[in-house]
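# Structure assessment
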Amino acid sequence: MSTAAEWPVPQAPTFYFIGVTTGHSSAMVLFPRWMEALGRPEVTIQGVDFVPHDRPARYRSLVEHIKREPLALGGLVTTHKIDLLEASRDLFNRLGPYAALLGEVSSIAKEDGQLVGRATDPVAGGIALRAVLGDGYFGRTGGHLLCFGAGGSAAALALYLIRQEKPEDRPRRFVVVNRSQPRLDRLRSLVERLQTDIQFEYICNQDPRRNDEIMAALPDGSVVINATGMGKDRPGSPITDAGRFPFRGVAWELNYRGELNFLHQALAQQKARQLTVEDGWLYFLHGWSLVIGHVLHREIDPATFDRLAAIAGAVAPRTGLGARTERS
Ligand SMILES: NC(=O)c1ccc[n+]([C@@H]2O[C@H](COP(=O)([O-])OP(=O)(O)OC[C@H]3O[C@@H](n4cnc5c(N)ncnc54)[C@H](OP(=O)(O)O)[C@@H]3O)[C@@H](O)[C@H]2O)c1
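Residues numbered from 1 in each chain as written. Predicted model: local features only at pLDDT ≥ 70, side-chain atom pairs only at ≥ 80, totals over all residues. Heavy atoms only, no water.

## Section: the state of the cysteines
Counted only if it meets this: Pairs of cysteine sulfur atoms within 2.5 Å are identified as disulfides in what follows.
On inspection of all chains with the given rule, the structure shows 0 disulfides. Cys147 takes part in no disulfide bond, and the closest cysteine sulfur, belonging to Cys204, lies 14 Å away.

## Re the packing of helix α2 (residues 56-68) against helix α3 (residues 81-88)
For clarity, the threshold we go by: Fitting a line to C-alpha atoms yields each axis, with helices limited to the stretch in contact; the angle taken between N-to-C directions then spans 0 to 180 degrees. Elements are defined by DSSP. Helices are runs of H or I of four residues or more, strands are runs of E of two residues or more, and each kind is numbered from the N terminus. Here roughly perpendicular refers to angles of 65 to 115 degrees, roughly parallel to angles under 35, roughly antiparallel to angles over 145, and oblique to all remaining angles. Contact criterion: two residues are considered in contact whenever any of their non-hydrogen atoms come within 4.5 Å of each other. Nonpolar residues are Ala, Val, Leu, Ile, Met, Phe, Trp, Tyr, Cys and Pro. Charged residues are Asp, Glu, Lys and Arg, and all others, Gly as well, are polar.
Two numbers describe how α2 lies on α3: the axes approach to 8 Å, and their chain directions differ by 80°. Regarding the angle of α2 to α3, the classification is roughly perpendicular. Between α2, through Pro56, Tyr59, Arg60 and Val63, and α3, the contact on the second element is made entirely by Asp83, Leu84, Ala87 and Ser88. Taken together, the residues that form the contact of α2 with α3 break down as 5 nonpolar, 1 polar and 2 charged.

## Things to note about the site of the ligand
Applicable threshold: Near, as used in this document, describes a residue that has one of its heavy atoms within 4 Å of the molecule or strand being considered. Nitrogen and oxygen atoms within 3.5 Å of one another constitute a polar contact, given that in protein one can donate a hydrogen and the other can accept it, and given that sequence-neighbouring residues count only through two side-chain atoms. All accessible areas in this document rest on Shrake-Rupley with a 1.4 Å probe, and a residue is counted as covered only by the protein chains that are shown.
By nearness alone, 23 residues border the ligand, and Ser153, Ser180, Asp233, Leu254 and Asn255 come closest of all. Within the side chain of Lys81, a nitrogen or oxygen atom sits 3.5 Å from an oxygen atom of the ligand. Considered on its own, the ligand offers 930 Å² of accessible surface; in the complex 86% of this is hidden by protein. Of all the elements in the fold, those that place two or more residues in the shell around the ligand are α7 (152-162), β8 (173-178) and α11 (281-296). Classifying every residue of the shell around the ligand by side-chain character gives 6 nonpolar, 11 polar and 6 charged.

## Some thoughts on the domain arrangement of the protein chain
Where we set the bar: What counts as a domain boundary in this text is fixed by an automatic or database domain assignment. Each of two parts loses accessible area, computed with a 1.4 Å probe, when they are put together; buried area is these two losses added. Salt bridges, as used here, are contacts in which a Lys or Arg side-chain nitrogen is within 4 Å of a carboxyl oxygen on Asp or Glu.
Assigned domains within the protein chain: domain 1 (4-119) and domain 2 (123-282). Measuring from the centre of the C-alpha atoms in domain 1 to the corresponding centre in domain 2 gives 28 Å. The interface of domain 1 with domain 2 comprises 13 residues on the first partner and 14 residues on the second. The junction of domain 1 with domain 2 conceals about 1100 Å² of combined surface from both sides, 55% of it contributed by carbon and sulfur atoms. When the buried area of domain 1 at its contact with domain 2 is split by residue, Tyr98, Leu101 and Leu102 rank highest and sum to 46% of it. Between the two partners, domain 1 and domain 2, sit 1 salt bridge. Across the pair Arg186 and Glu86 runs a salt bridge, and its minimum N-O distance is 3.9 Å.

## Observations concerning empty space enclosed by the protein
One simple way to see leftover space: roll a probe sized like a water molecule over the atoms. Counted only if it meets this: Using a grid of 1 Å spacing that covers the protein atoms alone, one calls a set of points a cavity when a 1.4 Å probe fits there but cannot get out, and a pocket when the set is open and has protein on both sides within 12 Å along at least five of seven lines; lining residues are those with an atom within 4 Å of a point. Grid points are joined across faces, edges and corners, and a volume is the space filled by probe spheres set on the points.
The final tally for this structure, using the stated rule, is 2 cavities of 30 Å³ or more. The calculated volume of the largest cavity comes to roughly 70 Å³. Lining the largest cavity, in full, are Leu129, Arg130, Leu133, Gly134, Gly136, Tyr137, Phe138, Tyr160, Leu161, Gln164, Glu168 and Asp169. If you list the elements that add at least two residues to the lining of the largest cavity, you get α5 (121-133), α6 (137-141) and α7. If you tally residues by element for the lining of the largest cavity, the top one is α5, at 3 residues. Each pocket or cavity is described by its volume, and for the second largest cavity that value is around 40 Å³. For the second largest cavity, the full set of lining residues is Trp34, Leu285, Trp288, Ser289, Ile292, Phe305, Leu308 and Ala309. Listed by contribution, the elements that provide at least two residues to the lining of the second largest cavity are α11 and α12 (302-315). The leading source of residues in the lining of the second largest cavity is α11, at 4 residues. Broken down by class, the residue content of the lining of the second largest cavity amounts to 7 nonpolar, 1 polar and no charged.

## Some words on unusual backbone geometry
Negative phi characterises most residues that are not glycine, and trans characterises most peptide bonds. Note the following rule: Relative accessible area decides the class of each residue, using a 1.4 Å probe on protein chains only: under 20% of the type maximum gives buried, over 50% gives exposed, and in between gives partly exposed.
The backbone phi angle of Gln274 is positive, close to 50°, even though this residue is not glycine. Tracing the backbone through its elements, the reader meets Gln274 in the loop between α10 (261-269) and β12 (276-278). When its relative accessible area of 40% is taken as the criterion, Gln274 is described as partly exposed. Here the phi dihedral of His297 falls at roughly 55°; this positive angle occurs in a residue that is not glycine. If you trace the backbone, His297 turns up in the loop between α11 and α12. Judged by relative accessible area, which is 53%, His297 ranks as exposed.

## Re the sheet that holds strand β5 (residues 107-111)
The test is simple: Here the rule is simple: two strands pair whenever DSSP picks up at least two bridges between them.
On the basis of which strands lie adjacent, the open sheet formed by 6 strands has the order β2-β1-β3-β5-β6-β4 and mixed pairing. Lying at the two open borders of the sheet, with one neighbouring strand each, are β2 (44-49) and β4 (94-95). Across 2 bridges, the pairing between β4 and strand β6 (residues 114-118) is parallel. Within β6, the residue paired with Arg94 across the bridge is Val116. Contacting β1 (14-19), β2, β3 (72-77), β5 and β6, α2 crosses the sheet at an angle of about 165° to β1. Along the sheet face, α11 touches β1, β2, β3, β5 and β6 and points at about 160° away from the line of β3.

Below is the structure:
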C-alpha cells in the first residue's frame, strides 16, 4: 500500500516528471539547462516512474503530495494521463477545457493556491503535425489519415483536426486501428460529442498483415501515424516490413527514442515512395515547453521556444532521424 511517505518532501522548488522510464528521457538532461536559460536554475526535476495502469492509490498519493508541498511546483505527465486523472479528479480545483473533454492531464500546475490540470497534447501534437504538413495539406493532396493506436495522443490529434476551421486542413477520412476495443469506444464517444464532417472509422485489430492491407488501401498523400508506443514502450511495429506506405504520403512516429521500428520501415521506403518521415522530437519539445510555461507561470514565446529547442538539439542524444538539418 502506498503512503504519502513514498514521496520525499522537496528541499528545493521541484518539477515532477511522471512517466514509465523517466531516467532514460532526454528531458532529465535538458531540464537543468532549460531552467538556466529561463533564469530559474533553482528549479530541480524529479522523475517518478509508474508502471502502466499502476494502482489508483499510488497516483492519488502523488497528486496529494504535489498539492500539499509548497516546494512542489507541479509537473508533466506522460503515459498515465488518463489513469492519473481518474484516480485524483477531485483533488484538482480546476481542469482546462481539453483536460475535461479528453479526461486526461499532461500538465499539473498551481495557480493562486489552486491545483490546475490541463491536457496539452491537442496543442503540442497539433503544432507538430502542422509543422510537418503545412497549411491546407488535406485539401492539396486529398490524403486520408490512418492512426495506429487509439490512446490519448490519437484522441488529441483527432480533436485537433476536428477543430480545424478550414476544410482543407481536415482529412476527409480518419481511420483508427487499436488492438483492443475499449480505447476505440472511448474515442468514438468523444467524436460523437463533437460536430465534425470527418468520416471516422474504428477498427479493432492487432494483426500487422491486416494493418498492411488497411495502409495499402489509402489514397496517395495519406498520413500514417504510429501512436501505439510500439518501437519504444513495447517491441515491434504495427505493420510488417512488407507494408507499403502511401505514395507521397507522410509517416509520423510519435516517439523519438527507442527502437523506432516503424520509423525505420518508413525510412527504408522514403525515396521509392517519396515519403515525408517525421519522429516525435518536435512534439516532445512543444509538449515540454507548454507545461514548463504553465508550471513556472511564464509565457514561452516563439523566440524562447527556439532557444529551448536549440539547447535540446545541441545536448540531447538523438536516435531515429539524427541531425535535424534537413528540416526546420
Ligand atoms: N513525442 C512526444 O512528445 C509524445 C507525445 C505523446 C505521445 N508520445 C508517444 O506516443 C505513444 C502513444 O502515446 P499515448 O499517450 O497515445 O499512449 P496510450 O494512451 O497508451 O495509447 C496507445 C494505444 O496503442 C494501442 N496499441 C498498442 N499496440 C497496438 C497494436 N499493435 N495495434 C494497434 N493498437 C495498439 C493501445 O491499445 P490498448 O488500448 O489495447 O492498450 C493503446 O490504446 C507513446 O509511446 C508515447 O510515448 C510521444
